[in-house]
Amino acid sequence: MLVVWGAGTYTFIYFFPRLLYNRVENTVVNHGLGGSDSTGIPVNTVYTMPALASPTRSNSLQSTGNRDTLYTAGVLDLSKGPQVLHVPDMAGRYYAVQFTDPWGTVFAYVGRRTTGTKAGDYLISGPGWHGRIPKGITKQIVAPNNTVLLIGRTLVKGEGDLAAAYELARQIRVTPLSQWHRDQ
Amino acid sequence: MSQAFPSLTLSRVLIIVLDVLLGMFVGAVLAFVTALLLITAQVHAMQTTVNGWSITMTCGKVTNGILVRAACAEALPMVNLPEEATYWTATEDGSGQELTGRHTYVLHFPPGGLPPNSAFWSLTATNIQGRLVANPFNRYSVGDRSGLVANPDDSIDIYIQHGVPAGHEANWLPVPTGNFKLWLRVYQPGAAILSGKYHVPPVMEVH
């Protein structure tokens, strides 16, 4: 009993984040961000919500009333090869794309603080990928796991800026490296 | 006699097997409960509260141990690293009383006392569950983009209350009638925040 108690406690604590992130990733893929009735975001694609949180619209992942940024989200599966994240020229606007592994570790960012706001194409590769990096790739990001949760946040400067912010945020997208061409 | 002996052995074996199974079951239940207790304790341990404002700045880091990792997954899944954004929440005023829309409050930032950042900041009110509550003015947050008006001495007062504060509409954060929760978000926070030196001023009830 004591052995099961001790080992069980450790095992539960150890795997708890993995179970939780697994559920989050499944929610994103099957139901997206908009609640149980919305459509999912297929693996290796990203989706940007066109509106901020409001009393009638709150995303399913976190209900925290974020009135500052538009969310972009998606789940990457790098087991079949890398993906390329494209970000448009944000012209100084705050944005960040956060990369989280299935244990909850935030292993990289692309965005105003870390890479600046110029347009770029970031190669996201899984562990053990040693292919050739094509010309035109801004930077390589090596993920510690083939499953990656991607969350983007793009600043909305006010009511009148929503359309402009969305127009930029929706240009954040991913393409498999095998289908990616420079300046596409 | 010759028939009773084997059935006695069998029942002894059964009892031992049942004991072992029961032990494993009790162990597993205890493990589950212990793990949840440890995770909950860690959620509280990694949170710092000053002036009624709570903040956790440990989540998402690659160096986190398994207990911190589990507590972060439980309390703050998908949260930004602190260098990207810091989040304070408050459900109590500066004197430890629950925040409620039945009272009126002021959050006073002394001159130069707004949260240091190189991106933006905002203050939002939600219900206790974290949901925005509709108000007829469609106003849900104040911050660097909301046109806050400074006092003559450059300090800033934010009026946190359910009804309109006459003459202070620009600095008004509407709140629900019941208990509420405040969220202070600071993106690309300054060094004073990351070092823990900066403290958000207390939310003070106005009598």
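An account of the accompanying structure is given in this report. (Residues numbered from 1 in each chain as written. Chains lettered and ligands numbered in written order. Predicted model: local features only at pLDDT ≥ 70, side-chain atom pairs only at ≥ 80, totals over all residues.)

Looking only at helices and strands, chain B has three helices and 10 strands in total. If one aligns the C-alpha atoms of chain B with their principal axes, the spans along those axes are about 105 × 40 × 30 Å. Counting only residues that meet the buried cut, chain B has 32% of its 207 residues in that class. Restricting to contacts in chain B with at least 6 residues of sequence separation, those with at least 24 account for 69%. (Helix = DSSP H or I, 4+ residues; strand = E, 2+ residues; numbered from the N terminus. Buried ≥ 20, exposed ≤ 12 C-beta atoms within 10 Å, placed from the backbone. Contact = placed C-beta atoms within 7 Å.)

Along chain A, the regular secondary structure elements total two helices and nine strands. Element order for chain A, N to C, with α for helix and β for strand: α-β-β-β-β-β-β-β-β-α-β. Based on the C-alpha atoms only, the size of chain A along its principal axes is roughly 60 × 50 × 30 Å. Sorting the 184 residues of chain A into buried and exposed places 42% on the buried side. Within chain A, counting contacts between residues at least 6 apart in sequence, those at least 24 apart form 68% of the total.

Next up on the list: the interface of chain B and chain A. Between chain B and chain A, the contact holds 43 residues from the first and 41 residues from the second. Mapped by element, the contributors of at least two residues to the side of chain B that touches chain A are α1 (4-45), α2 (66-75), β5 (117-127) and β9 (180-189) of chain B. At 12 residues, the largest contribution of residues to the side of chain B that touches chain A is made by α1(B). For the side of chain B that touches chain A, a count of residues per class yields 26 nonpolar, 12 polar and five charged. (Nonpolar A, V, L, I, M, F, W, Y, C, P; charged D, E, K, R; others polar.)

In this structure, Ala73(A), Ile124(A), Val148(A) and Leu150(A) are the most contacted members of the largest nonpolar core, which totals 69 residues. No other element matches the seven residues that helix α1 (residues 2-31) of chain A contributes to this core. Ignoring any residue separated from it by four or fewer positions in sequence, one finds Ile124(A) in contact with Leu76(A), Leu78(A), Pro82(A), Gln83(A), Leu85(A), Ile141(A), Ala143(A) and Val148(A). If you look at the next biggest cluster of nonpolar residues, it comprises 20 residues, including Leu99(B), Tyr105(B), Trp172(B) and Val203(B). (Core = buried A, V, L, I, M, F, W, Y, C linked by C-beta atoms within 7 Å.)

Residue and element names in this part refer to chain B. In this structure, asparagine 138 is a non-glycine residue whose phi angle is positive, near 55°. Relative to the helices and strands, asparagine 138 is located in the loop between β5 and β6 (141-143). Since 10 C-beta atoms lie within 10 Å of it, asparagine 138 is described here as exposed.

It is worth spelling out the packing of α1(A) against α2(B) at this point. The interhelical angle for the contact between α1(A) and α2(B), taken along N-to-C directions, is 35°, at an axis separation of 8 Å. Judged by the sense of rotation from one axis to the other, the crossing of α1(A) with α2(B) is left-handed. Along the contact surface, α1(A) presents Ile13(A), Tyr14(A), Phe16(A), Pro17(A), Leu20(A) and Tyr21(A), while α2(B) presents Ile66(B), Leu67(B), Arg69(B), Ala70(B) and Ala73(B). (Axes fitted to C-alpha atoms, helices over the stretch in contact; angles between N-to-C directions. Left-handed = near helix turned anticlockwise from the far one by under 90°.)

Residue and element names in this part refer to chain A. Pairing in this open sheet of five strands is antiparallel, and the strands run β1-β2-β8-β4-β5 from one edge to the other. Looking along the sheet, the strands with just one partner apiece sit at the ends: β1 (47-48) and β5 (106-111). Contacts from α1 reach β2 (69-77) and β8 (147-155) within the one sheet, and its direction differs from that of β2 by about 105°. (Pairing = 2+ DSSP bridges.)

The subject of this paragraph is the sheet that holds strand β7 (residues 139-142) of chain A. All names here are of chain A. Taken together, the four strands give an open sheet; going across it, the order is β7-β6-β3-β9, and neighbouring strands pair in mixed fashion. Every other strand in the sheet has two partners, leaving β7 and β9 (173-176) as the edge strands with one partner each. Sheet twist, expressed as the average angle between the axes of neighbouring strands with direction ignored, equals 30°.

Residues and elements named next belong to chain A. Of all five residues in strand β3 (residues 83-87), four are buried; the element is thus mostly enclosed. Inspection of the sheet shows β3 paired to β9 by four bridges, in the antiparallel sense. In the sheet register, glutamine 83 faces β9, and the bridge partner there is proline 176.

Another point: the pairing of strand β7 (residues 156-161) of chain B. Residue and element names in this part refer to chain B. Bridging between strand β4 (residues 105-109) and β7 involves five bridges; their strand directions are antiparallel. In the strand pairing of β7, histidine 108 is matched with aspartate 157. Here three bridges tie β7 to strand β8 (residues 172-174), and the two strands are oriented parallel to one another. Paired with isoleucine 160 across the strands is leucine 173, a residue of β8.

With that settled, consider the environment of Gly131(A). All names here are of chain A. When you line up the elements, glycine 131 lands in the loop between β6 (120-125) and β7. Classification of glycine 131 as exposed rests on a count of 11 C-beta atoms within 10 Å. When the C-alpha atoms of glycine 131 and aspartate 101 are compared, they prove to be 21 Å apart, with 30 residues separating the residues in sequence.

So, about helix α2 (residues 162-169) of chain A. Residues and elements named next belong to chain A. Listed in full, the buried residues belonging to α2 are Ala165, Leu168 and Ala169. Down the axis of α2, the sector holding all buried residues measures 95°, keeping them to one side. Of the exposed residues in α2, those oriented more than 90 degrees away from the buried face are Ala163 and Glu167. Here the buried face of α2 lies against β1, β2 and β8. (Arc of directions from axis to C-beta.)

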